[in-house]
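# Descriptive structure summary
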Amino acid sequence: MRPLTIIGNWKMNGSLESNQALIQSILSLGVSEFAKNSKAQVALCVPYPYLPQVSHLLNQSSIAWGAQDVSDHPNGAYTGDVSAKMLQDFGCRYVIVGHSERRQFHQEGDGLVARKAKATLQANMTPIICVGETESEHDDGKTLVVVRRQLQAVLDLLQGQIASCIIAYEPVWAIGTGKVPSPQQAQDVHRELRLQLAKFDDEAASKVAILYGGSLKPDNAKDLLAMPDIDGGLVGGASLNAEDFLALCQASQ
Ligand code: 13P
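Summary of the structure given here. (Residues numbered from 1 in each chain as written. Predicted model: local features only at pLDDT ≥ 70, side-chain atom pairs only at ≥ 80, totals over all residues. Heavy atoms only, no water.)

## Re the site of the ligand
Our working rule: Any residue with a heavy atom positioned within 4 Å of a molecule or strand is treated as near that molecule or strand. As used in this structure description, the phrase polar contact means that two N or O atoms lie within 3.5 Å; if the pair is within protein, one of them must be able to donate a hydrogen and the other to accept it, and residues adjacent in sequence are counted only when both atoms belong to side chains. Asp, Glu, Lys and Arg are counted as charged, while Ala, Val, Leu, Ile, Met, Phe, Trp, Tyr, Cys and Pro are counted as nonpolar; the rest, among them Gly, fall into the polar class.
Around the ligand sit Asn9, Lys11, His99, Glu170, Ala174, Ile175, Gly176, Gly214, Ser215, Leu234, Gly236 and Gly237, and that is every residue in its neighbourhood. Between the ligand and the protein, one listed contact pairs an oxygen atom with a side-chain N or O atom of His99 at 2.8 Å. Ser215 places a main-chain nitrogen or oxygen 2.7 Å from an oxygen atom of the ligand. Considered class by class, the residues forming the shell around the ligand number three nonpolar, seven polar and two charged.

## Examining unusual backbone geometry
Just so we agree on the cut-off: Every helix listed is a DSSP run of H or I at least four residues long, and every strand listed is a run of E at least two residues long, numbered separately from the N terminus.
Non-glycine residue Gln107 carries a positive phi angle of around 50°. In this fold, Gln107 is placed in the loop between helix 5 (100–105) and helix 6 (110–122). Phi at Asn124 is positive, roughly 60°, even though this residue is not glycine.

## As for helix 12 (residues 242–250)
What counts is decided by this rule: Throughout, exposure labels follow a simple rule: accessible area from a 1.4 Å probe, protein chains only, divided by the maximum for the residue type, with under 20% read as buried, over 50% as exposed, and the rest as partly exposed. Note that the arc is computed from the directions linking the helix axis to the C-beta atoms. Note on contacts: a residue pair qualifies if any of its non-hydrogen atoms lie within 4.5 Å across the two residues.
Taken residue by residue, helix 12 has Ala242, Phe245, Leu246, Leu248 and Cys249 as its buried positions. Down the axis, helix 12 shows its buried residues gathered within 160° of arc, on one side only. Elements in contact with the buried residues of helix 12: strand 1 (5–9), helix 1 (16–29), helix 2 (31–38), strand 2 (41–45), helix 11 (218–225) and strand 8 (232–235). Backbone nitrogen of Glu243 and a side-chain oxygen of the N-cap are separated by 3.0 Å at the start of helix 12; the cap is Asn241.

## Section: the packing of helix 11 against helix 12
Where we set the bar: Axis angles are defined between N-to-C directions and span 0 to 180 degrees, where every axis is a line fitted to C-alpha atoms and, for a helix, only to the segment in contact. Working definition: roughly parallel below 35 degrees, roughly antiparallel above 145 degrees, roughly perpendicular at 65 to 115 degrees, and oblique for all remaining angles. Take the far helix as your reference; a near helix turned counterclockwise from it by less than a right angle gives a left-handed crossing, and one turned clockwise gives a right-handed crossing.
Helix 12 packs onto helix 11 with a crossing angle of 20° between their chain directions and a minimal axis gap of 9 Å. With respect to helix 12, the element helix 11 is oriented roughly parallel. Seen from above, helix 11 lies across helix 12 with right-handed handedness. Within the contact between the two elements, helix 11 uses Pro218, Ala221 and Leu225 and helix 12 uses Asp244, Ala247 and Leu248. Considering only residue class, the contact of helix 11 with helix 12 consists of five nonpolar, no polar and one charged.

## Some remarks on the packing of aromatic side chains
Basically, it comes down to this: For Phe, Tyr and Trp, where Trp contributes only its six-membered ring, two rings pair if their centres lie within 6.5 Å, and the inter-plane angle classes them as stacked under 30 degrees, edge-to-face over 60, or tilted in between.
Counted according to the given criterion, the structure contains one aromatic pair. Seen in terms of ring centroids, Tyr169 and Tyr212 are 6.4 Å apart; in terms of plane orientation they differ by 65°. Their pairing is edge-to-face. Residue Tyr169 is found in strand 6 (residues 166–169), and its partner Tyr212 is found in strand 7 (residues 210–213); the two are separated by 43 residues along the sequence. Judged on exposure class, the residue Tyr169 and its partner Tyr212 are both buried.

## Remarks on helix 9 (residues 183–200)
Stated formally: For a helix, the expected span equals 1.5 Å multiplied by the residue count minus one.
Its 18 residues give helix 9 an end-to-end C-alpha distance of 26 Å, which sits within 8% of 26 Å, the value for a rise of 1.5 Å per residue. Check the buried side of helix 9 and you find it contacts strand 5 (126–131), helix 8 (143–158), strand 6, helix 10 (202–207), strand 7 and helix 11.

## A few points about the environment of Leu121
Inspection of the secondary structure assignment puts Leu121 in helix 6. For the pair Leu121 and Ile162, spaced 41 residues apart in the sequence, the C-alpha separation amounts to 9.5 Å. Excluding residues within four positions of it along the chain, Leu121 makes contact with Pro127, Leu158, Gln161, Ser164 and Cys165.

## Description of the environment of Ser38
For Ser38, the position within the fold is in helix 2. On the basis of relative accessibility, which here comes to 29%, the residue Ser38 falls in the partly exposed class. For the pair Ser38 and Gln250, spaced 212 residues apart in sequence, the C-alpha separation works out to 9.6 Å.

## Considering the pattern of salt bridges
This is how the line gets drawn: For this analysis, a salt bridge means a side-chain nitrogen from Lys or Arg found within 4 Å of a carboxyl oxygen belonging to Asp or Glu.
With the rule as written, the count across this model stands at 18 salt bridges. In this structure, the salt-bridge partner of Lys85 is Asp89, at a minimum N-O distance of 3.7 Å. With a gap of four residues between them, Lys85 and Asp89 both fall in helix 4 (residues 84–89), about one helical turn apart. Take Asp89: its relative accessible area is 61%, and that puts it in the exposed class. Where Lys179 meets Glu135, a salt bridge forms, and the shortest distance between an N and an O atom there is 2.9 Å. Of this pair, Lys179 sits in the loop between strand 6 and helix 9 while Glu135 is found in helix 7 (residues 135–139), placing the two residues 44 residues apart along the sequence. You can call Glu135 partly exposed: its relative accessible area is 37%. What emerges from the salt-bridge pattern is a single network uniting Arg2, Arg191, Arg194, Asp229 and Asp231.

Structural data, given as structure tokens:
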């Protein structure tokens, strides 16, 4: 049985003041107790400058925290980049890699995403590896071809370490649009990803959490999270609202 995993991705949102208010609400609504009692993994992935603030505010809670990107290099002349070791220095647990917004706006390819996942693992953190097809790929019936290619690049590089990763299926056309695949459509993609993992490593395939992301909201989460291969969510917009975030955590119960 895989534990429920709910990860908030704040993207490029927040301020010292609003972060404090949001986390206070999340804590006072009982999200930390929910995580503790249900043994769910709950985390917030926040912009780099706010990592120390969020780490401090979540200290003593059962909510973990993470970053939204990482360099594939250990150190050196890479202006503006942040290494895995630096994140680990602060006690970071999770790193999102290969988010479609990085692939789209920063031209990150499958090979780079795999190297970022490897750098994350080498620093003893958990990469949340995002895969997903664009709207035109979806319309052309290429969903499975695209997600298989994206996952394969990671499998080729990480080999036996895949058991320590989280995979997130985020159809690009569903992100921030209010459009969502039907639970069965999403399940079919998750199942396919798990079968691909199983071909590689049967035991890892049964353990790896495969999250759904893309307009996940309290009103659609219950049906999606009820599917057998959907182990939780990677949540954008709804993670910026404490009530919605709690409702998403509770949706699987
Ligand atoms: P939304 O939940 O805002 O659609 O974003 C999903 C996402 O990109 C999470 O990484």
